[in-house]
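Commentary on secondary and tertiary structure
Here's the letter readout for the chains.
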Amino acid sequence: MAKPSTRQELVDYCKRQLGAPVLQINIADEQVDDIIDTAIQFYQEWHYDGVERMYLKHLITAEDVTRFTESDELTSTTDPDGATWENRKNFIEVPDHVIGVSKVFGVSSNWIRNDLFGLSNQYFLMDVFSFSSGFAFGNFDMTNYYMIRQYFETMDMIVNTGALVEYRFNKRQDRLYLDIDVARIQEGNYLLIDCHRALDPEEWSQVYNDSFVKRYATALMKRQWGQNLIKYNNVQLPGGITLNGRQIWEDGENEVNQLEADMPLKYTLPPMDMIG
């Protein structure tokens, strides 16, 4: 099919692009599986359509509390120094398909925003229902209010006592480290993360029909085909056909390199500038 919706249909599409069934594509099934897995992984980690922004919540359990409060892990270096280092077990397991975390919320209440008598709510009430405005919205300055709210968020981030949490995350560990006071980890509270989750092609079959996935998988398959035949260089076949495995490999390698070079320029969201 020109619009593959399954893994096998994508494999068949790539082989047709390389000349099948007119030509025999000399690639083992195990190699084909590796190629499709590599193409999907590259697509999920780099392409802006390979992920979705999600808000995931986690209920803090007794096991989480125990892990945060128990003894730290000890790591000793080899002789002659023999130094001993400690590291905290201040992490929470996250799903494997989460590839990036932008923000962490909800570890504890916030005296700036969550309390009815907090700074944010009190400033809003004083500005809206001030005597100068005649208990109306006539003199309510949205620009000033917006700037004050940004200032409150900055205070919250620096003091680190509210909803914004200092954290560390590496997608190869599947662990979200929270650099906060362990007393704030309480059983029954919810943790909310703003994250990016990789699209599962088995659930969202349109991934197999993505134009980049199809071209990249085809290029990888061509390179593997050439790699399998690379020792057959300028071999004369019956009928006057010349087999040149190295040329097939070079063509596939050039296509793969070009697609990988185009990825950060055409298919990846630009990094956000940090101001302040």
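One structure accompanies this document, and this report is about it. (Residues numbered from 1 in each chain as written. Predicted model: local features only at pLDDT ≥ 70, side-chain atom pairs only at ≥ 80, totals over all residues. Heavy atoms only, no water.)

Focus: the packing of aromatic side chains
Under the defined criterion, the tally for this structure stands at 6 aromatic pairs. Seen from their ring centres, F42 and Y216 are 4.9 Å apart, and the 25° between their planes marks the pair as stacked. With F42 in helix α2 (residues 29-46) and Y216 in helix α6 (residues 211-228), this pair connects stretches of sequence that are 174 residues apart. Pair check on accessibility: F42 and Y216 agree, each one buried. Centre to centre, the rings of F91 and Y177 are 5.5 Å apart; their planes meet at 55°, and the pair counts as tilted. (Phe/Tyr/Trp six-rings, centres within 6.5 Å; stacked < 30°, edge-to-face > 60°. Helix = DSSP H or I, 4+ residues; strand = E, 2+ residues; numbered from the N terminus. Buried < 20%, exposed > 50% of the residue type's maximum accessible area, 1.4 Å probe, protein only.)

Observations concerning the layout of surface pockets
Each pocket or cavity is described by its volume, and for the second largest pocket that value is around 470 Å³. In terms of lining residues, the second largest pocket is bounded by 16 residues, among which E45, V51, I99, H196 and L269 are the most central. Elements that contribute at least two residues to the lining of the second largest pocket include exactly α2, β1 (51-59) and β5 (98-105). Classifying every residue of the lining of the second largest pocket gives 6 nonpolar, 6 polar and 4 charged. (1 Å grid on protein atoms, 1.4 Å probe; cavity = no way out; pocket = protein on both sides within 12 Å on 5 of 7 lines; lining within 4 Å. Points joined across faces, edges and corners; volume = space filled by probe spheres on them. Nonpolar A, V, L, I, M, F, W, Y, C, P; charged D, E, K, R; others polar.)

A word on the sheet that holds β5
Read across the open sheet, the 3 strands follow the order β1-β8-β5; overall the sheet is antiparallel. Strands with a single pairing partner mark the edges of an open sheet, and in this sheet they are β1 and β5. Shown here is a sheet whose adjacent strand axes are inclined to one another by a mean of 30°, direction ignored. The sheet contact formed by β1 and strand β8 (residues 190-198) spans 9 bridges and is antiparallel. Bridge pairing in β8 links Y55 to D194. (Pairing = 2+ DSSP bridges. Axes fitted to C-alpha atoms, helices over the stretch in contact; angles between N-to-C directions.)

Here we look at the packing of helix α1 (residues 7-17) against α2
Close contact between α1 and α2 brings their axes to 11 Å; oriented N to C, the two are set at 105°. Considered as vectors, α1 and α2 are oriented roughly perpendicular to each other. On α2, the residues that touch R7, L10, V11 and K15 of α1 are V32, D33, I36 and D37. Residue composition of the contact of α1 with α2, grouped by class: 4 nonpolar, no polar and 4 charged. (Parallel < 35°, antiparallel > 145°, perpendicular 65-115°, else oblique. Contact = heavy atoms within 4.5 Å.)

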